There are 2 protein chains.
Amino acid sequence: MMTDLPLDHVRTLLAVVDEGTFDAAAAALHVTPSAVSQRVKALEQRTGRVLLVRTKPVRPTESGEVVVRFARQLARLERDARAELGMSGAREPTRVSVAVNADSLATWFLGALTRVPEEPPLSFELRREDEAHTAALLREGLVMAAVTSSPDAVSGCSVRPLGRMRYLAAASPEFAGRHLDGPLREALAVAPVVAFDRRDELQDAFVRRVRRGRGGASAVRHFVPTSEGFVAAVVAGLGWGLVPEVQADPLLSAGRLVPLAPDRTVDVPLYWQQWKLDSPALATVAEAVAATAAEALRG
Amino acid sequence: MMTDLPLDHVRTLLAVVDEGTFDAAAAALHVTPSAVSQRVKALEQRTGRVLLVRTKPVRPTESGEVVVRFARQLARLERDARAELGMSGAREPTRVSVAVNADSLATWFLGALTRVPEEPPLSFELRREDEAHTAALLREGLVMAAVTSSPDAVSGCSVRPLGRMRYLAAASPEFAGRHLDGPLREALAVAPVVAFDRRDELQDAFVRRVRRGRGGASAVRHFVPTSEGFVAAVVAGLGWGLVPEVQADPLLSAGRLVPLAPDRTVDVPLYWQQWKLDSPALATVAEAVAATAAEALRG
């Protein structure tokens, strides 16, 4: 059981993972490398599992990740308790680390952070990550929460729906005149397309729907892996693409983008995943995120 | 010598690295897994080096990276030759993969791509990466070129300077009134600050200069790892930060940002690194990038 783990040893394991080597952890903890090594070995005997892969830098095993996450949660609870007891000075703001998908970060997410009261001081550490990586960050305890399109709760986390982000297929008027002048289902098979990265399947899914399953988008395909860069590339006429409604609306009004199939929108549901942890700081942020999402996203 | 390497085996090694496992590479190449394994072993005997770490997914060793890069360059030369011979159909655009630092991608870089002629068709694959990772991507051959602040040529690459990106310390007027009302050298030690990520040292370097070496920026520090999100966080009043001049100028004119120390700007030189490779596609892109940078950056 977790409560039977020697907590000093758990902290030592965390230091080794964070510092990368036994020597660096020893320096950070002001003990000898051999003491660090003995504590990790004792912890491995206690748990009956190998916890670290002894590479450079070391990596936690799957069992090690469980202990490392426990260590991070422990550190956070301790910090929260000290803050509530008035023991932490102004120099030690509580850090709240959150993974956010790129389109949320580019549109509504920062608005949520400005709603969080300035006292007690928090430091936000945002990470822009895709779904696959987000689950690993939550599992390893490197982030406490995430805005993600994955509804599958990472072990030890709770999930709540935030709303749906709507995407519209759009292109610059000039691009549409040159490449999309004809039946859409033919044109989309060959017109240059912009995608976020190799894992972005939104555009292909859209084309398959329009073409009733007959093949995806063109092989002339540009990858632009920032949310704002993606929109800028579509506006610049490098290709067509699926643009978040909130980014597309002003550009459509200004005539810088035209919609390709206004009746065929794509909705992506978003979720808030967070550690099951009674942290006031995290609760404050979760509340601000939910309130902002309720206004910015579709219900 | 490279030219003595059995080229089929070199291609097989690349497939194993790209697909992640011997089985997946075998499926992609339409051969048996045992044939894949034998080719890799033969290549390792020929080179006298271990080329793959047999993890899941497999990883190339340092020697393996050299062969993998050679394989990618080989594939590119072959594609270019086929294109020049008119052998590649419209379905196979030449892919040009470039790593770009976040601030360049958010400001001037996309303008360069719109200058590249549409014929012959190219597909751009952009990767937004920091310096450390960029060198690895060039070394492994995962990108052919990079916009980076590192002047140190990656082995096998050439380097040319593009110009300097200028940064200004700025904050929202409301934030400046509340947190920076007094001597800057005192205020900056405690005022909340926005940084890109943990490796972003621009803000601390600026504070040390203003404070003549006496300590860095405040511990109340928000990490916002997109270029546009960073600027939006400063405008929203989460903290002060160093904003690229091109992004700051319109916001300063509109009164949404105020400069903190207009005479103390920070210049970051940028470089173009690319494979030493006679690829017409890459040369076209390099030319467009250099021309756009000459206009957008300081000389």
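- Per an unreviewed UniProt entry, chain A is named HTH-type transcriptional regulator LysG, and its organism is Streptomyces dysideae.

**Side note on the environment of T32 of chain A**
Residue and element names in this part refer to chain A.
Part 1: When you line up the elements, T32 lands in the loop between α2 (22-29) and α3 (33-47).
Part 2: In this structure T32 comes out as partly exposed when scored by relative accessible area, which is 45%.
Part 3: Measuring from C-alpha to C-alpha, the distance between T32 and F22 comes to 9.1 Å, with ten residues separating the pair along the chain.

**Some words on the interface of chain B and chain A**
Put simply, an interface is often sized by how much accessible area is lost when its parts join up.
Part 1: In this complex, chain B contributes 35 residues to the contact, which on the side of chain A involves 34 residues.
Part 2: Summed over both partners, the interface of chain B with chain A buries about 2900 Å², with 59% contributed by carbon and sulfur atoms.
Part 3: One can count four salt bridges joining chain B with chain A.
Part 4: Our count for the chain B to chain A interface comes out at 16 residue pairs in polar contact (both at pLDDT 80 or more).
Part 5: Of all the elements, strand β4 (residues 122-128) of chain B adds the most residues to the side of chain B that touches chain A, at seven residues.
Part 6: Residues of the side of chain B that touches chain A, tallied by class, amount to 19 nonpolar, six polar and ten charged.

**As for the domain arrangement of chain A**
Part 1: Once the domains are mapped, chain A shows domain 1 (1-87) and domain 2 (165-267).
Part 2: Put simply, the middle of domain 1 of chain A and the middle of domain 2 of chain A, counted by C-alpha atoms, are 48 Å apart.

**Side note on the nonpolar core**
Part 1: The biggest cluster of nonpolar side chains holds 71 residues, and the ones touching the most others in it are W108, F109, W240 and W272 of chain A.
Part 2: Here this core gets seven residues from one element, more than from any other, and that element is helix α13 (residues 280-296) of chain A.
Part 3: Membership of the second largest hydrophobic core comes to 70 residues, among which are V235 of chain A together with L105, A146 and L180 of chain B.

**With respect to the pairing of strand β9 (residues 241-244) of chain A**
Residue and element names in this part refer to chain A.
Part 1: Side-chain alternation along β9 places G241 and V243 on one buried face and L242 and P244 on a second face that is also buried.
Part 2: Here strand β6 (residues 157-171) pairs with β9 via four bridges, running antiparallel. Following the sheet pairing, A170 is matched in β9 by G241.

Thresholds applied
- Residues numbered from 1 in each chain as written.
- Chains lettered and ligands numbered in written order.
- Predicted model: local features only at pLDDT ≥ 70, side-chain atom pairs only at ≥ 80, totals over all residues.
- Heavy atoms only, no water.
- Helix = DSSP H or I, 4+ residues; strand = E, 2+ residues; numbered from the N terminus.
- Buried < 20%, exposed > 50% of the residue type's maximum accessible area, 1.4 Å probe, protein only.
- Contact = heavy atoms within 4.5 Å.
- Buried area = accessible area lost by both parts, 1.4 Å probe.
- Salt bridge = Lys/Arg side-chain N within 4 Å of Asp/Glu carboxyl O.
- Polar contact = N/O pair within 3.5 Å; in protein donor to acceptor, adjacent residues only side chain to side chain.
- Nonpolar A, V, L, I, M, F, W, Y, C, P; charged D, E, K, R; others polar.
- Domains from an automatic or database assignment.
- Core = buried A, V, L, I, M, F, W, Y, C linked by side-chain atoms within 4.5 Å.
- Pairing = 2+ DSSP bridges.

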